[in-house]
Amino acid sequence: YAKLAELKIADANFQLGNFEEAIFAYEEFENLHPRNEAIPYVIFMTGMCHFKQIDTPDRDQTPARNALETFSRLNRDFPNDPYAVKAQEHINACLRSLAQSELSIGRFYYKSRHYKAALRRFKNVLTRYPDVGVHQTALRHIMQAEASLSEISRADSSSILPFF
């Protein structure tokens, strides 16, 4: 019953919204009982603790990255476990949050007239997060940033006077 009690302490912390304490308890359980049959559940719940801390895309994305890493480890280590299937849905949500964050940062750079930095962010969305539903938005922003850069380039080349 001691192992079950350790696991229930972690679950209670999760239910109370004490995610940092729950993460510690789940990780401690995994370290103490690495071969226990509940390890896929423990990894999934650790990922859920990180996942529940994800805020809006304009906020720090560390919880999204941590959740993504934890869920990916679950899929890698226990690919046929039912919790790995559940984790896949959350992986997609983490990727979407990270992609939207990149778009948000890119839009900030674009509004600040830092078009090269914005363009880099928008292209990152296409390369890192191609299948999360923001592909078209990223393409539209890439076109705007490239158009702004070409306008600046034309303006700079027309302002240069030839030497005679």
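Values in this document were obtained by computation on a predicted structure and should not be read as measured data.

Re the overall build of the chain
So, step 1. Per the secondary structure count, the chain includes seven helices and zero strands.
So, step 2. Compactness check: the chain gives a C-alpha radius of gyration of 22 Å against a globular reference of 15 Å for 164 residues, more than 25% above the reference.
So, step 3. Overall size of the chain, expressed as C-alpha extent along the three principal axes, is 90 × 30 × 25 Å.
So, step 4. The buried share of the chain, reckoned over its 164 residues, is 38%.
So, step 5. Approximately 10500 Å² of the chain is accessible, and the part contributed by carbon and sulfur atoms is 54%.

Here we look at the packing of aromatic side chains
So, step 1. This model, assessed by the stated rule, comprises seven aromatic pairs.
So, step 2. Consider the rings of Phe 44 and Phe 71, whose centres lie 5.8 Å apart with planes at 45°: the pair is tilted. Linking Phe 44 in helix H3 (residues 39-51) with Phe 71 in helix H4 (residues 62-77), this pair joins segments that are 27 residues apart in sequence. Exposure class is identical for Phe 44 and Phe 71. Each is buried.
So, step 3. Linked through ring pairs, Tyr 41, Phe 44, Phe 51, Phe 71 and Tyr 83 together constitute an aromatic cluster.

A short note on the nonpolar core
So, step 1. Counting residues in each nonpolar core, the largest one holds 41 residues, and the members touching the most others are Leu 7, Phe 14, Tyr 26, Phe 44, Cys 49 and Phe 71.
So, step 2. Looking at this core, the elements that each hand over two or more residues are helix H1 (2-15), helix H2 (19-32), H3, H4, helix H5 (82-111), helix H6 (115-128) and helix H7 (135-159).
So, step 3. A per-element tally of this core places H3 first, with eight residues.

Quick look at the confidence of the model for the chain
So, step 1. Across the chain, the average pLDDT comes to 92, with 95% of residues at or above 70.
So, step 2. Within the chain, H3 carries the highest mean pLDDT (98), whereas H7 carries the lowest (86).

Digging into the packing of H3 against H4
So, step 1. At a closest axis distance of 8 Å, the pairing of H3 and H4 adopts a crossing angle of 165°. Relative to H4, the element H3 is oriented roughly antiparallel. Our pair here, H3 against H4, has a crossing hand that is left-handed. Across the interface between the two elements, Pro 40, Ile 43, Phe 44, Thr 46, Gly 47, Met 48, His 50 and Phe 51 of H3 pack against Pro 63, Asn 66, Ala 67, Thr 70, Phe 71, Arg 73 and Leu 74 of H4.
So, step 2. In the contact of H3 with H4, the residues fall into nine nonpolar, five polar and one charged.

Comments concerning the environment of Asp 131
So, step 1. Take Asp 131: it is sitting in the loop between H6 and H7.
So, step 2. Considered as a pair, Asp 131 and Ala 93 are 38 residues apart in the sequence and their alpha carbons are 11 Å apart.

Examining H6
So, step 1. An ideal rise of 1.5 Å per residue puts 20 Å on 14 residues; H6 measures up with 20 Å between its terminal C-alpha atoms.
So, step 2. The complete set of buried residues in H6 reads Tyr 115, Ala 117, Ala 118, Leu 119, Phe 122, Val 125 and Leu 126.

So, how was this worked out
- Residues numbered from 1 in each chain as written.
- Predicted model: local features only at pLDDT ≥ 70, side-chain atom pairs only at ≥ 80, totals over all residues.
- Heavy atoms only, no water.
- Helix = DSSP H or I, 4+ residues; strand = E, 2+ residues; numbered from the N terminus.
- Rg over C-alpha atoms; globule rule 2.2 N^0.38 Å.
- Buried < 20%, exposed > 50% of the residue type's maximum accessible area, 1.4 Å probe, protein only.
- Areas by Shrake-Rupley, 256 points an atom, 1.4 Å probe, with all protein chains shown as cover.
- Phe/Tyr/Trp six-rings, centres within 6.5 Å; stacked < 30°, edge-to-face > 60°.
- Core = buried A, V, L, I, M, F, W, Y, C linked by side-chain atoms within 4.5 Å.
- pLDDT = per-residue confidence, 0-100.
- Axes fitted to C-alpha atoms, helices over the stretch in contact; angles between N-to-C directions.
- Parallel < 35°, antiparallel > 145°, perpendicular 65-115°, else oblique.
- Left-handed = near helix turned anticlockwise from the far one by under 90°.
- Contact = heavy atoms within 4.5 Å.
- Nonpolar A, V, L, I, M, F, W, Y, C, P; charged D, E, K, R; others polar.
- Expected span 1.5 Å × (residues − 1).

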